[in-house]
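# Descriptive analysis of the structure
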Amino acid sequence: MNITLTPEWRSLLQHQKRLERKHLRDLFAEDAQRFEHFSAELDGLLVDYSKQRIDQPALQSLLALARLSDVESWRDRMFSGEKINISEDRAVLHTALRYSDFKPFPDAENDVMPQVRAVRKQMRDIVERVRSGLWRGFKGDAIQNVVNIGIGGSDLGPKLATRALSAYQHPNLHFYYVSNLDSAHLAPLLEKLDPRTTLFIVASKTFITQETSINAQTARTWLMAAAMEEWAIGKHFIAVTSSPGKAHEFGIPDDNILQIWDWVGGRYSLWSAVGLSVALAIGMNGFERLLSGAETMDLHFRKTPLEKNLPVLLALISIWNTNFLGAETSAILPYNESIRHLPAFLQQLEMESNGKTVSRDGEALTCRANPIVWGQIGVNGQHAFFQLLHQGGWLIPCDFVVAASSDHPLPGHQAPLLANCLAQSAALAFGKTEAQAREELTQAGLTEAQIARLLPHKVFAGNQPSTTILMPSLDPFQLGMLLALYEHKVFVQGVIWSINSFDQWGVELGKQLANRLLPAIMGDQAYDAQLDTSTCGLISYFRRHGHV
Ligand code: F6P
């Protein structure tokens with residue numbers, strides 16, 4: 001089906017033409033209860049989408065588009081364990097990782113829960129031993145430092161969650177995340193850490209990812225230089241992987257290998273043993289609260305009618321902004337310092353899932369899919385790129401994300417933080433008209449000539465759409481809900497764009513080429529005759545200047 005030729009799509013184009021002439025100021029003026037009509041709360045998590053440029057008729061047409069795309073049936077197919085990741089012939093069952101019922105899941109015949117529970121038990125055992133000091137290093141010391149070596153989904157989710165929940169962190173444990181191949185990531189850490197008190201988690205679903213393998217080998221060499229004996233690896237290395245054989249070859253004993261499965265996508269793996277560092281930081285009960293928050297969102301997504309279904313609404317709004325209003329990017333603006341890694345996490349979740357131009361059936365998409373996702377801490381952004389959001393003339397939908405209470409409170413900070421967050425979304429939405437700007441300048445006592453000169457600079461067009469997501473506090477449960485909200489949003493978008501959101505073939509070409517270029521960069525081989533002149537020129541520079 002070419003979705004852009006359907007009556008539902010055409011009707012949305014009509015709404016776009018109608019709403020093009022309306023400002024968010026008009027939409028708020030027309031509906032005194034716009035906030036009540038365009039916001040919803042689930043177990044404390046409030047989603048306010050009233051500052052999006054939609055009205056009820058447009059929303060109804062978006063919901064019709066969701067029905068036309070069979071969102072509910074695709075959702076049920078995902079939860080039923082069907083192999084909806086067709087290009088890799090895999091089921092998509094990360095929701096099993098947070099499923100707490102005692103019934104089989106996805107069904108009696110294909111029940112994955114016994115394996116999930118077994119690994120969770122293994123996690124609990126490790127977590128309790130490390131946190132209580134029972135787990136000892138090769139010299140008999142308790143663990144003080146945990147280094148997660150991983151990249152992509154094996155880094156971003158655990159790093160985000162550990163930092164986000166730092167208020168719950170074990171006081172004697174320190175956590176580090178190493179992902180970059182650049183030795184400047186690992187080297188300073190190795191200089192300051194003590195091998196006797198350091199535990200490495202090598203998190204890699206495949207266990208062949210180059211960045212992770214090289215960092216893990218270097219860490220192993222560093223440990224062996226101090227410990228001298230192979231058995232020490234078992235005291236200082238844990239692997240999380242779907243390739244236990246490869247972890248075993250690395251020297252990690254079976255008891256320290258935690259399994260994940262092919263039905264857990266890398267960017268959806270936080271909930272698996274990939275989240276071990278989070279569990280070590282906040283305890284296994286805290287980790288289970290994180291899972292419980294995500295499960296609450298799963299249940300909401302499964303059971304709630306589309307028109308009240310938060311992930312569905314967020315997906316439809318994003319489709320509206322991208323395909324009808326023409327937004328090319330979308331900004332993620334967390335206001336709490338502890339969720340500063342949210343933009344990076346969502347970049348992978350959204351762009352690796354839906355950054356595609358081919359449908360699940362291999363056809364070219366007839367409309368643009370995922371926008372470019374970017375962002376950073378909102379307050380810092382205010383003093384950097386917000387100028388462009390306010391007056392740069394680009395349409396950039398924003399997600400403001402903030403917790404009402406601080407996780408690390410100090411007197412005098414939280415109210416101004418919240419005021420800034422709310423002020424920005426309001427300023428972006430409503431702007432400042434020429435009349436308002438003139439009035440202000442007149443009040444300030446400026447002359448007509450001064451006003452004429454300054455006026456164009458003082459006008460804010462506004463009409464910049466945003467969603468605000470509020471949590472009572474940054475706790476494991478709320479964080480679980482928040483991240484699962486985005487996961488399902490991405491899924492719904494993928495369904496409507498007819499994308500398989502669970503493969504990532506686009507990352508392969510660069511990996512293949514890097515392997516091909518390596519010998520030439522190391523100087524072991526003459527240049528590949530097939531290489532372009534630019535790459536040859538750059539290699540020649542490296543050979544002259546690099547110490548590889
Ligand atoms: O290259 C992309 C990717 O496969 C991601 O999808 C994944 O999260 C990351 O690499 C890391 O993969 P692994 O966990 O297998 O090391």
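About the cut-offs
Residues numbered from 1 in each chain as written. Predicted model: local features only at pLDDT ≥ 70, side-chain atom pairs only at ≥ 80, totals over all residues. Heavy atoms only, no water. pLDDT = per-residue confidence, 0-100. Pairing = 2+ DSSP bridges. Helix = DSSP H or I, 4+ residues; strand = E, 2+ residues; numbered from the N terminus. Axes fitted to C-alpha atoms, helices over the stretch in contact; angles between N-to-C directions. Domains from an automatic or database assignment. Near = heavy atom within 4 Å. Polar contact = N/O pair within 3.5 Å; in protein donor to acceptor, adjacent residues only side chain to side chain. Areas by Shrake-Rupley, 256 points an atom, 1.4 Å probe, with all protein chains shown as cover. 1 Å grid on protein atoms, 1.4 Å probe; cavity = no way out; pocket = protein on both sides within 12 Å on 5 of 7 lines; lining within 4 Å. Sits in = over half its atoms within 2 Å of the grid points. Nonpolar A, V, L, I, M, F, W, Y, C, P; charged D, E, K, R; others polar. Contact = heavy atoms within 4.5 Å.

We now examine the confidence of the model for the protein chain. Looking at the protein chain, pLDDT values average 97 and 100% of them are 70 or higher. Across the whole predicted complex the pTM is 0.97, and at the interface the ipTM reaches 0.98.

What follows covers the sheet that holds strand β2 (residues 45–48). Taking strand neighbours across the sheet as the criterion, the 6 strands line up as β1-β2-β11-β10-β8-β9 in an open arrangement whose pairing is mixed. With partners counted over all chains shown, the strands left at the sheet margins are β1 (39–42) and β9 (372–375), one partner each. On average, adjacent strands in this sheet sit at an angle of 15° to one another, irrespective of strand direction. The pairing of β2 with strand β11 (residues 466–471) spans 3 bridges and is classified as antiparallel. Along β11, the bridge assignment pairs Asp 48 with Thr 468.

This brings us to the domain arrangement of the protein chain. Parsing the protein chain into structural domains produces domain 1 (3–68 + 304–430 + 464–497), domain 2 (98–286) and domain 3 (506–545). Taken over C-alpha atoms, the centre of domain 2 sits 33 Å from the centre of domain 3.

Taken together, 14 residues are adjacent to the ligand, and Gly 153, Ser 154, Ser 204, Thr 206 and Thr 209 come closest. At 2.7 Å, a backbone N or O of Gly 153 approaches an oxygen atom of the ligand. Against a free-state accessible area of 400 Å², the protein chains account for coverage of 88% of the ligand. Because more than half of its atoms lie within 2 Å of the grid, the ligand is assigned to the largest pocket. Its residues placed into classes, the shell around the ligand shows 2 nonpolar, 9 polar and 3 charged.

Moving on, we get to the sheet that holds strand β4 (residues 174–178). Taken together, the 5 strands give an open sheet; going across it, the order is β4-β3-β5-β6-β7, and neighbouring strands pair in parallel fashion. Looking at the sheet topology across the chains shown, the edges are occupied by β4 and β7 (257–259). Across the sheet, the mean angle separating the axes of adjacent strands is 20° when strand polarity is ignored. For strand β3 (residues 145–149) and β4, the ladder comprises 5 bridges, and the chain directions are parallel. Looking at the pairing, Asn 148 lines up with Tyr 177 of β4. The strands that helix α6 (residues 113–132) touches are β5 (198–203), β6 (237–241) and β7; relative to β7, the one it contacts most, it runs at about 145°. Along the sheet, helix α9 (residues 210–227) makes contact with β3, β4, β5 and β6, crossing β5 at roughly 155°.

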